[in-house]
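In case you want the letters, here they are:
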Amino acid sequence: MDDISLISRISDLYKRMSHAAMKAGRSPEEVRLIAVSKTVGIERIKEAIDAGLRVFGENRVQEARKKISNLKSQISDLKTEWHLIGHLQKNKAKYAVQLFDLIHTIDSVGLAEEVNNEAQKIGKIQRILVQIKLSDEVTKHGVTEDESMPLLEIIIKNLKNLKLEGIMTMPPYFEDPRRSKPFFAKLRELRDRAEKRGFHLPELSMGMSNDFEIAIKEGATMVRVGSAIFGERR
Ligand SMILES: *Cc1c(COP(=O)(O)O)cnc(C)c1O
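These figures come from a predicted structure and were not determined experimentally. Each chain has its residues counted from 1, running along the sequence as written. Given that this is a predicted model, residues contribute local features only at a pLDDT of at least 70 and side-chain atom pairs are listed and counted only at 80 or more, while totals for whole chains, interfaces and linings are drawn from all residues. Side-chain numbers here rest on the full set of heavy atoms in the structure, without hydrogens or water.

Draft legend 1. Focus on the layout of surface pockets. Whether a set of points on the 1 Å grid over the protein atoms alone is a cavity depends on a 1.4 Å probe fitting there but being unable to get out, while an open set qualifies as a pocket with protein on both sides within 12 Å along at least five of seven lines; lining residues are those with an atom within 4 Å of a point. Grid points are joined across faces, edges and corners, and a volume is the space filled by probe spheres set on the points. In this model, the largest pocket occupies a volume close to 710 Å³. Each residue is assigned to one class: nonpolar for Ala, Val, Leu, Ile, Met, Phe, Trp, Tyr, Cys and Pro, charged for Asp, Glu, Lys and Arg, and polar for all the others, Gly among them. Across the lining of the largest pocket, the residue classes break down as 11 nonpolar, 14 polar and eight charged.

Draft legend 2. Quick look at the packing of aromatic side chains. The aromatic pairing rule takes the rings of Phe, Tyr and Trp, using the six-membered ring of Trp, and pairs them if the centres are within 6.5 Å, calling planes under 30 degrees apart stacked, those over 60 edge-to-face and the rest tilted. A full pass over the atoms with the stated rule returns two aromatic pairs. Relative to F183, the ring of F174 lies with its centre 5.9 Å away and its plane at 35°, an arrangement referred to as tilted.

Draft legend 3. Geometry of the site of the ligand. Here a residue counts as near a molecule or strand whenever at least one of its heavy atoms sits within 4 Å of it. Taken together, V36, K38, I85, M170, M208, S209, R224, V225, G226, S227 and R233 make up all the residues around the ligand. A distance of 2.7 Å is found between an oxygen atom of the ligand and a side-chain nitrogen or oxygen belonging to K38. Here the Shrake-Rupley method, with its probe set to 1.4 Å, supplies the accessible areas, and only the displayed protein chains count as covering residues. Protein chains bury 91% of the 390 Å² of accessible surface belonging to the ligand in isolation. For the shell around the ligand, the residue count by class is five nonpolar, three polar and three charged. Whenever a nitrogen or oxygen atom comes within 3.5 Å of another N or O atom, the pair is scored as a polar contact, on the condition that within protein one atom can donate a hydrogen and the other can accept it, and that pairs from neighbouring residues in sequence are kept only if both atoms are in side chains.

Draft legend 4. Representation of the packing of helix α2 (residues 42–50) against helix α3 (residues 61–74) within the structure. Viewed as axis vectors pointing N to C, α2 and α3 meet at an angle of 60°, and their least axial separation amounts to 11 Å. Classified by the interaxial angle, the pair formed by α2 and α3 is oblique. Crossing of α2 over α3 shows right-handed handedness. When α2 is examined against α3, the residues I42, E43, I45, K46 and I49 are found in contact with a partner set consisting of K67, N70, L71 and Q74. Among the residues forming the contact of α2 with α3, the class breakdown is four nonpolar, two polar and three charged. What counts as an axis is a line fitted to C-alpha atoms, over the stretch in contact for a helix, and the angles between N-to-C directions run from 0 to 180 degrees. Secondary structure counts use DSSP, requiring at least four H or I residues in a row for a helix and at least two E residues in a row for a strand, with both numbered from the N terminus. Throughout this description, any angle smaller than 35 degrees is read as roughly parallel, any larger than 145 degrees as roughly antiparallel, any in the 65 to 115 degree range as roughly perpendicular, and the remainder as oblique. Should the near helix be turned anticlockwise from the far one by less than a right angle, the crossing is termed left-handed; should it be turned clockwise, right-handed. Here, residues are in contact when the closest pair of their heavy atoms is within 4.5 Å.

As structure tokens, then:
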């Protein structure tokens, strides 16, 4: 794929995002694009940076580490933001804290504590989201709805090197993206309930290439889009 098609895919994506926001009576600025660059090589990521993208999502610590250091060595003032959107193992918390501006996938007290400790060691306030699992798929990570309130509370009350900004979910894959809608609505309702308890959770990370418009309609503030930008992953 050449530059032109990357640029046109990105501009098409922004148009669809704006349209979805406006149709829902929201401002397009309320929704940020996280360009999911997992499996994408750094030449293509550089093209995406040239095309104006600044926020990238990776699902593996190791892969992100290589790419980010490689990019930094080539671009001296790399003004990009990196988000971890994949499952994080406790033993990689240290690297995640060094690399990522926002971790979308905190899913246990133990992991939250580990990330907090590592952040404290390097004097960082780590921005995080808590991943919520709203389906009963065994392969998915995330805390259940019932576990979520206690986890949010522990993070806010005890873990001072974490800045909890919101929650994230990933519905099961459906051919028909409309079937994702109840999952997105549920995440928003959960956020609203948490806010009634006094937790401030502005960010809702939900929606991918096939269902981001529906997620935006349901209140997404961050959509994580990979294949609609970079093409199908092999
Ligand atoms: C891969 C991935 C995405 C992006 O998926 P696309 O369908 O390519 O847009 C979003 N979120 C998570 C957690 C992912 O792993």
